[in-house]
Amino acid sequence: MRLKLVAGNWKMHGGIERNRDLLSIVISGTAGLQKTACAVCVPYPYLSQVQSLLKNTHVSWGAQNISQHDMGAYTGEVSADMLTDFCCYYVIVGHSERRTLYGENSRTVSLKFKVAQDAGLVPILCVGETLEQREAGFTEQVVREQLDAVIGLVGVDALARSVLAYEPIWAIGTGKTATPQQAQDVHVFIRNIVASYNVKVAAELRILYGGSVKASNAAELFAMLDIDGGLIGGASLVAEEFISICLAAQN
Ligand code: 13P
């Protein structure tokens with residue numbers, strides 16, 4: 001059985017005091033979780049703070065992006081080794097905001113995936129289509145291209161040490177959630193692609209759904225067979241919302 005994961009993606013939100021308040025409530029509110037793992041992916045400047053707040057707790061932490069390079073003259077970039085210095089467990093790669101706003105393509109994303117894994121980090125690989133692509137019937141083609149790029153570089157077995165997140169771009173931050181069945185259909189499609197290479201890796205792969213997940217819709221999404229948790233944006237900044245989503249994953 002796949003252990004569910006609920007990961008918060010704080011995006012460019014946070015503050016020293018606010019982080020402390022949020023995380024202390026999240027730690028106590030999720031203390032009883034049994035079959036669900038819980039994590040937060042925070043902006044780089046807070047990694048040190050979050051590490052000290054979360055170490056020795058059941059909540060893991062990670063970053064939202066990583067450089068594909070090991071080191072060098074890359075102003076503003078952050079390497080895998082730097083993330084491991086702060087004991088990050090996860091790093092998000094290929095978030096749609098990175099792809100659309102910062103020009104990351106599937107090749108860059110797969111290099112980031114590889115660099116992260118080589119350093120012992122667990123990449124959370126995001127895939128998903130735009131509204132235009134969905135309406136034109138290209139969802140599967142888009143997701144397949146994003147996934148194939150990574151499998152082509154690292155091989156399918158590497159997915160065993162990663163997490164996937166299906167995040168339809170039209171559902172991110174819009175309040176418009178994919179229906180449980182829409183999400184389930186794409187999750188099955190993803191799992192089948194992986195299964196065409198390796199059935200065991202596919203069966204064990206955690207595929208999260210992301211896009212306007214809230215306390216009010218989490219349970220119905222997580223009830224779907226192939227939805228193994230969520231990648232949560234806005235609702236991860238509100239302690240009670242995030243806790244409720246974690247609890248919904250457990251039930
Ligand atoms: P929202 O939950 O704010 O829609 O964001 C989803 C997301 O992009 C998580 O990575």
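Refer to the preceding data block for the structure.
Only a predicted model underlies this, so the values are computations on that prediction, with no experimental measurement involved. (Residues numbered from 1 in each chain as written. Predicted model: local features only at pLDDT ≥ 70, side-chain atom pairs only at ≥ 80, totals over all residues. Heavy atoms only, no water.)

Caption draft 1: Broad picture of the site of the ligand. The immediate surroundings of the ligand are formed by Asn 9, Lys 11, His 95, Glu 167, Ala 171, Ile 172, Gly 173, Gly 211, Ser 212, Leu 231, Gly 233 and Gly 234. One of the side-chain N or O atoms of His 95 is found 2.8 Å from an oxygen atom in the ligand. Across the complex, the protein chains shield 94% of the 300 Å² of accessible surface that the ligand would expose by itself. Tallied by class, residues from the shell around the ligand come to three nonpolar, seven polar and two charged. (Near = heavy atom within 4 Å. Polar contact = N/O pair within 3.5 Å; in protein donor to acceptor, adjacent residues only side chain to side chain. Areas by Shrake-Rupley, 256 points an atom, 1.4 Å probe, with all protein chains shown as cover. Nonpolar A, V, L, I, M, F, W, Y, C, P; charged D, E, K, R; others polar.)

Caption draft 2: Representation of the side chain of Gln 117. Positionally, Gln 117 belongs in helix 5 (residues 106-118). Assessed through its relative accessible area of 8%, Gln 117 is described here as buried. There is a polar contact of 3.1 Å between the side chain of Gln 117 and the backbone oxygen of Arg 161. Residue contacts for Gln 117: discarding those within four places in its chain leaves Pro 123, Ala 158, Arg 161 and Ser 162. (Helix = DSSP H or I, 4+ residues; strand = E, 2+ residues; numbered from the N terminus. Buried < 20%, exposed > 50% of the residue type's maximum accessible area, 1.4 Å probe, protein only. Contact = heavy atoms within 4.5 Å.)

Caption draft 3: Examining the packing of aromatic side chains more closely. This model, assessed by the stated rule, comprises two aromatic pairs. On the numbers, 6.4 Å between centres and 55 degrees between planes, the contact of Tyr 166 with Tyr 209 is tilted. Placement of the pair is Tyr 166 in strand 6 (residues 163-166) and Tyr 209 in strand 7 (residues 206-210), with a sequence separation of 43 residues. According to the relative accessible area criterion, Tyr 209 is buried, its value standing at 0%. (Phe/Tyr/Trp six-rings, centres within 6.5 Å; stacked < 30°, edge-to-face > 60°.)

Caption draft 4: Expanded view of the packing of helix 1 (residues 16-29) against helix 11 (residues 239-250). One can describe the packing of helix 1 onto helix 11 by two numbers: an axis separation of 9 Å at closest approach and a directional angle of 25 degrees. Between helix 1 and helix 11, the interaxial angle falls into the category roughly parallel. The crossing of helix 1 and helix 11 is right-handed. Only Ala 239, Glu 240, Phe 242, Ile 243 and Leu 247 of helix 11 make contact with helix 1, whose side of the interface consists of Leu 22, Ile 25, Val 26 and Gly 29. Residues of the contact of helix 1 with helix 11, tallied by class, amount to seven nonpolar, one polar and one charged. (Axes fitted to C-alpha atoms, helices over the stretch in contact; angles between N-to-C directions. Parallel < 35°, antiparallel > 145°, perpendicular 65-115°, else oblique. Left-handed = near helix turned anticlockwise from the far one by under 90°.)

Caption draft 5: Examining helix 10 (residues 215-222) more closely. Taken residue by residue, helix 10 has Asn 217, Ala 218, Leu 221 and Phe 222 as its buried positions. The arc enclosing the buried residues of helix 10, seen along the axis, measures out at 130 degrees, which places them on a common side. Residues of helix 10 that are buried in the fold lie against strand 1 (4-9), helix 8 (180-197), strand 7, strand 8 (229-232) and helix 11. (Arc of directions from axis to C-beta.)

Caption draft 6: How the structure looks around the environment of Met 1. Tracing the backbone through its elements, the reader meets Met 1 in the segment before strand 1. Taking the relative accessible area as the measure of exposure, Met 1 reaches 95% and is therefore exposed. Taking C-alpha positions, Met 1 is 28 Å from Leu 153, a pair spaced 152 residues apart along the chain.

Caption draft 7: Spotlight on the sheet that holds strand 2 (residues 36-41). The eight strands are arranged 1-2-3-4-5-6-7-8 in a closed barrel whose pairing can be described as parallel. Adjacent strand axes in the sheet meet at a mean angle of 30 degrees when their direction is disregarded. Pairing between strand 3 (residues 59-63) and strand 4 (residues 90-93): two bridges, direction parallel. Its bridge partner being in strand 4, Ala 63 is matched across the sheet by Val 91. (Pairing = 2+ DSSP bridges.)

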